[in-house]
Amino acid sequence: MTRESNPTVLLADDQADVREALRLLLKSEGIASVGVGGPAAALDAVRQRDFSCALIDLNYTRDTTSGEEGLALLDQLRQHAAELPVVVMTAWGNVPLVVDALRRGAGDFIEKPWDNTRLLSIVRTQIALGEGARRQRRLEAENALLRGGSDELIAESPAMRRVMELVARVAPSDANVLVLGENGTGKGVIAQQLHAQSRRAAKALVKVNMGGIAENVFESEMFGHVRGAYTDAKSERIGRFELADGGTLFLDEVGNVPPPQQPKLLRVLEDGEFERLGSSRTQNTDVRLVSATNADLAVEVEAGRFRKDLLYRLNTLEIRLPPLRERSADVLPLARSFLERSAARYGRHGLRLAPSAERALLAWRWPGNVRELGHLMERAALLAEHDLVSDSALAFGPGSTGAESAQDIDGMTIDQAEAHLVRRAMERHNGNLQHAADALGITRQTLYRRMEKHGLRDPSSGDAD
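Residues numbered from 1 in each chain as written. Predicted model: local features only at pLDDT ≥ 70, side-chain atom pairs only at ≥ 80, totals over all residues. Heavy atoms only, no water.

A.B. asks: Can you lay out the sheet that holds strand E1 (residues 8-12) for me, pointing to particular residues and giving the numbers?
C.D. replies: Strand order in the open sheet formed by five strands is E2-E1-E3-E4-E5, with parallel pairing between adjacent strands. Two strands lie at the open edges of the sheet, namely strand E2 (32-36) and strand E5 (108-111), each paired on one side alone. Taking each pair of neighbouring strands and ignoring which way they run, the sheet shows an average axis angle of 20 degrees. Pairing of strand E4 (residues 86-90) with E5, which is carried by four bridges, proceeds in the parallel orientation. When the sheet's bridge partners are listed, Thr90 is paired in E5 with Glu111. Docked against the sheet, helix H1 (residues 16-27) engages E1, E2, strand E3 (53-57) and E4, running at close to 165 degrees with respect to E1. Sheet strands in contact with helix H3 (residues 68-80) are E1, E3 and E4, and its direction is about 160 degrees off that of E3. (Pairing = 2+ DSSP bridges. Helix = DSSP H or I, 4+ residues; strand = E, 2+ residues; numbered from the N terminus. Axes fitted to C-alpha atoms, helices over the stretch in contact; angles between N-to-C directions. Contact = heavy atoms within 4.5 Å.)

Now the structure itself:
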């Protein structure tokens, strides 16, 4: 569902002339409305779109005095659209009924016949209160997201202890840091640590995957835009530099910044100034920059694909992350942590690694590093037949020098692996589709689509699940 920029009010009343009078009154104040004749239609409307406020009658054609239908509708609206401000309308001036409605979550009440000025005042107030509550919830969610996740950092190996000692020395400064390392080594986790241990920890950590930003939207994403800056710019947008003001900006895969955009990035790094796309007003930003790449930027500079002066700005300090094959002391602690996390996610509590699995994990070379280990433990949590995870439950990649998996998912296509995981989940839960869907982390409807896609039989078509 989408929310239009202009407020729209839901009108629920069984009398068409009442709905029309309300529509015209609200329209005169620039407020749009959608009218429905009863509780069922009102619920259908809130399922299909968002509203800024709802005006609902407490009495409908079935019972014109008790208010039971209206109170039931109010309860259902609170359940299906908890953020929606609801104003109740009644022609009976029943004080106990109004009190009951307010106790159930109504924002205010209006008596029929209404006073236009009071009605409009109440509607405007409820719209403003609803928008304020939504903004607050959005800010809370954004803060939780922007401050970064809670990825566990395990650093028992000598190589990682040296890295963490360097992080502890570097973090309190405002120096730009370039984190280098192979794919999957945990560069994002180091960025989180640098932010968490800095003086900016109370502010936002804004993460940007530079490899995922198309060149034609680079300026809008990084610096923002004003309304009308281009054809589809229907509202203003805050860019990542502005969003990270006072905090830390993490540029992942920074080697992928297109050459035409590098001078624009260099400028804001040099003087902290930028303009939103479509605006001539210069804005200032104060960010601590952490960048990451698996590329050799010196080679990229020599090839003319990366500016030397930009590289100098990025790597005031460098932190090199060792690959997992060089930190063997961390393999088993990481594996246990990942397995515990995945077991909790899929309802497989009590999973633990058998000695054979630990030996196989230590023998593997980990071309995909920590990310590969995390995925391996997730598959083990799904595929393990017993609580003790043996080497046969580990789906290593082709060419494994350790134990080979009985079902080598890495050798499958995506469709084959998906069909395999769906089939295994259904078998493990004895055909109970809801339990299988929960174990796979998808909805039951999505599971049905996957079964149809791969030609898997619905057990409920024969025996009830």
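More follows now that the structure is in view.
A.B. asks: Summarise the packing of helix H16 (residues 414-428) against helix H18 (residues 444-454); cite the residues concerned and give the values.
C.D. replies: Each packed pair of helices is defined by two parameters, the angle between the axes and the distance between the axes. Following both chains from N to C, one finds H16 and H18 inclined at 120 degrees, their axes separated by 10 Å at the closest point. For the element pair H16 / H18, the angle class is oblique. Read as a crossing pair, H16 and H18 show a hand that is left-handed. Counted together, Asp415, Glu418, Ala419, Val422 and Met426 of H16 and Leu447, Arg450, Met451, Lys453 and His454 of H18 form the full contact between these two elements. (Parallel < 35°, antiparallel > 145°, perpendicular 65-115°, else oblique. Left-handed = near helix turned anticlockwise from the far one by under 90°.)

A.B. asks: Report on the sheet that holds strand E6 (residues 177-180), specifying residues and quantitative values.
C.D. replies: Within the open sheet, the five strands sit side by side as E7-E10-E13-E6-E14. Their pairing is parallel. A single partner strand is all that each edge strand has here, and the edge strands are strand E7 (205-209) and strand E14 (317-320). The sheet shows a mean angle of 20 degrees between the axes of neighbouring strands, taken without regard to direction. Note: E7 against strand E10 (residues 248-252), five bridges, orientation parallel. Paired with Leu205 across the strands is Thr248, a residue of E10.

A.B. asks: Run through the pattern of salt bridges, naming residues and quoting values.
C.D. replies: Side chains carrying opposite charge are able to pair once their charged atoms draw close together. Inspection of every chain in the model, using the stated rule, returns 24 salt bridges. One salt bridge in this structure joins Arg103 and Asp100, with 2.8 Å as the shortest N-O distance. Taken as a pair, Arg103 and Asp100 lie in helix H4 (residues 95-103) at a separation of three residues, close to a single helical turn. Owing to a relative accessible area of 62%, Arg103 belongs among the exposed residues under this scheme. Asp100 sits in the buried class, given a relative accessible area of 15%. The partner of Glu318 in a salt bridge is Arg320, with the nearest N and O atoms 3.6 Å apart. Look at Glu318 and you get partly exposed, because its relative accessible area is 33%. On the basis of relative accessible area, Arg320 is assigned to the exposed category, the value being 58%. Through salt bridges that share partners, Asp75, Asp100, Arg103 and Arg104 make up one connected network. (Salt bridge = Lys/Arg side-chain N within 4 Å of Asp/Glu carboxyl O. Buried < 20%, exposed > 50% of the residue type's maximum accessible area, 1.4 Å probe, protein only.)

A.B. asks: So what about the pairing of E4? Which residues, and what values?
C.D. replies: Among the five residues of E4, five are classified as buried, and the element is accordingly described as predominantly covered. Across four bridges, E3 lies against E4 in parallel orientation. Among the inter-strand pairings, Ala54 is bridged to a residue of E4, identified as Val86.

A.B. asks: Before we move on, could you go through unusual backbone geometry and cite the residues and values that matter?
C.D. replies: Backbone geometry follows two general trends: most residues other than glycine have a negative phi, and most peptide bonds adopt the trans configuration. The amide bond that connects Lys112 to the next residue, Pro113, takes the cis arrangement and shows omega of -10 degrees. The residue Pro113 is located in the loop between E5 and helix H5 (116-146) in this model. A positive phi angle is found at Glu253, which is not glycine, with a value near 55 degrees. With respect to the helices, strands and loops of the structure, Glu253 is situated in the loop between E10 and helix H10 (262-271). The backbone of Trp366 shows a phi angle near 55 degrees, a positive value even though the residue is not glycine. Take Trp366: it is sitting in the loop between helix H14 (355-363) and helix H15 (369-383).

A.B. asks: Explain the confidence of the model for the chain to me, and be specific about the residues and the numbers.
C.D. replies: Detailed reading of the predicted coordinates is not advisable wherever pLDDT falls low. Averaged over every residue, the pLDDT of the chain is 84; the share at 70 or more is 89%. Looking across the chain, the model is least confident in helix H17 (residues 433-440), with a mean pLDDT of 76, and most confident in E6, with 97. Below pLDDT 50 for its whole length, residues 398-408 participates in 23 contacts with residues either more than four positions away or in separate chains. (pLDDT = per-residue confidence, 0-100.)

A.B. asks: Before we move on, could you go through the nonpolar core and cite the residues and values that matter?
C.D. replies: Within the largest apolar cluster, 39 residues are counted, with the highest numbers of intra-cluster contacts made by Leu361, Trp366, Leu373, Met377, Val389 and Leu394. Those elements that provide at least two residues to this core are helix H13 (331-345), H14, H15, H16, H17 and H18. In this view, Met377 contacts Ala335, Phe338, Leu339, Ser342, Leu353, Leu361 and Leu394; residues no more than four positions away in its chain are not counted. (Core = buried A, V, L, I, M, F, W, Y, C linked by side-chain atoms within 4.5 Å.)

A.B. asks: I'd like to hear about H15, residue by residue, with values.
C.D. replies: Its 15 residues place the ends of H15 21 Å apart at the C-alpha level, agreeing with the 21 Å of an ideal helix rising 1.5 Å per residue. Extensive coverage of H15 is indicated by the burial of twelve of its 15 residues. (Expected span 1.5 Å × (residues − 1).)

A.B. asks: Tell me about the packing of H16 against H17, and name the residues and values.
C.D. replies: Relative orientation of the contacting elements H16 and H17 amounts to 130 degrees, with a least axis distance of 8 Å. Taken together, H16 and H17 sit at an angle that is classed as oblique. In this structure, H16 crosses over H17, and the sense of that crossing is right-handed. Listed contacts from H17 to Leu421, Val422, Ala425, Met426 and Arg428 of H16 are Leu433, Ala436, Ala439 and Leu440. Of the residues contributing to the contact of H16 with H17, the split by class is eight nonpolar, no polar and one charged. (Nonpolar A, V, L, I, M, F, W, Y, C, P; charged D, E, K, R; others polar.)

A.B. asks: Describe the environment of Ala360, with residues and values.
C.D. replies: Among the secondary structure elements, Ala360 is positioned in helix H14. Here the alpha-carbon distance between Ala360 and Leu394, two residues 34 residues apart in the chain, equals 8.5 Å.

A.B. asks: Now, about the packing of aromatic side chains: what can you tell me, with residues and values included?
C.D. replies: The full count for this structure, using the stated rule, is three aromatic pairs. Centroid distance Phe218 to Phe223: 6.4 Å. Interplanar angle 80 degrees. Geometry classified as edge-to-face. Given the relative accessible area of 5%, Phe223 is considered buried. Here the aromatic residues Phe218, Phe223, Phe241 and Phe274 are joined through ring pairs into a cluster of three or more. (Phe/Tyr/Trp six-rings, centres within 6.5 Å; stacked < 30°, edge-to-face > 60°.)

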